[in-house]
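Observations on the three-dimensional arrangement
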Amino acid sequence: MGIKLRTQHLWIPGDIAEAVFGATPQVYTVYYPQQKALLLAPMDDDIFPTVHKGGLQMLKSRNLQGDKTISLQEIIIDNDIDDTDRELAFMHQPGMRILHVTL
């Protein structure tokens, strides 16, 4: 199962969420429209906020499998992004605590 856009929320499977974010309740998010790239990192990452000018978002638990969601309403509206529910391309390298999602 991959990462999905569902009702204007980014839906992240539990295994990916655990590998990238651990138990953190909030994540940094930043969207780069030119690359259609959404970058996410856990709030305890000291480097991410100095390199990327993003904001903190709540990481909500969705089920017992550990799936997490983040609201993307503001990013979708501000950047006129197609909000159709769909699978999204993403990149995550094991050991790295950054998630790259293509919107």
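It should be noted that the structure appears before, not after, this text.
**Considering the sheet that holds strand β1 (residues 4–6)**
By way of backbone hydrogen bonds, the strands of a sheet pair with one another, either parallel or antiparallel. Pairing within the open sheet is antiparallel, and its five strands lie in the order β6-β7-β2-β1-β8. The strands lining the two open edges of the sheet, one partner per strand, are β6 (60–61) and β8 (86–87).

**Comments concerning the packing of aromatic side chains**
The full count for this structure, using the stated rule, is one aromatic pair. On the numbers, 6.0 Å between centres and 25° between planes, the contact of Tyr-28 with Phe-48 is stacked. One end of the pair, Tyr-28, is in strand β3 (residues 26–32); the other, Phe-48, is in helix α2 (residues 48–51), and 20 residues separate them in sequence. Seen from the ring of Trp-11, Arg-6 lies directly overhead, with NZ or CZ sitting 4.2 Å from the centre.

**Describing unusual backbone geometry**
A positive phi angle, close to 55°, is found at Lys-36, a residue other than glycine. Position of Lys-36 among the secondary structure elements: in the loop between β3 and β4 (37–42). The exposure class of Lys-36 is partly exposed, given its relative accessible area of 47%. Non-glycine residue Asp-80 carries a positive phi angle of around 50°. As for its placement among the helices and strands, Asp-80 is situated in the loop between α3 (73–78) and β8. We classify Asp-80 as exposed; its relative accessible area is 72%.

**Topic: the pairing of strand β10 (residues 99–102)**
Only one face of β10 is covered, namely the one carrying Leu-99 and Val-101; the face carrying His-100 and Thr-102 has none of its residues buried. Two strands pair when backbone bridges link them, and β4 and β10 are joined in this way by four bridges, in the antiparallel orientation. Bridge pairing in β10 links Ala-37 to Thr-102. Where strand β9 (residues 90–91) and β10 come together, two bridges link them in antiparallel fashion. Bridge assignment links Phe-90 to a residue of β10, and that residue is Val-101.

Rules of the game
Residues numbered from 1 in each chain as written. Predicted model: local features only at pLDDT ≥ 70, side-chain atom pairs only at ≥ 80, totals over all residues. Heavy atoms only, no water. Pairing = 2+ DSSP bridges. Helix = DSSP H or I, 4+ residues; strand = E, 2+ residues; numbered from the N terminus. Phe/Tyr/Trp six-rings, centres within 6.5 Å; stacked < 30°, edge-to-face > 60°. Lys NZ or Arg CZ within 6 Å of the ring centre and 35° of its normal. Buried < 20%, exposed > 50% of the residue type's maximum accessible area, 1.4 Å probe, protein only.

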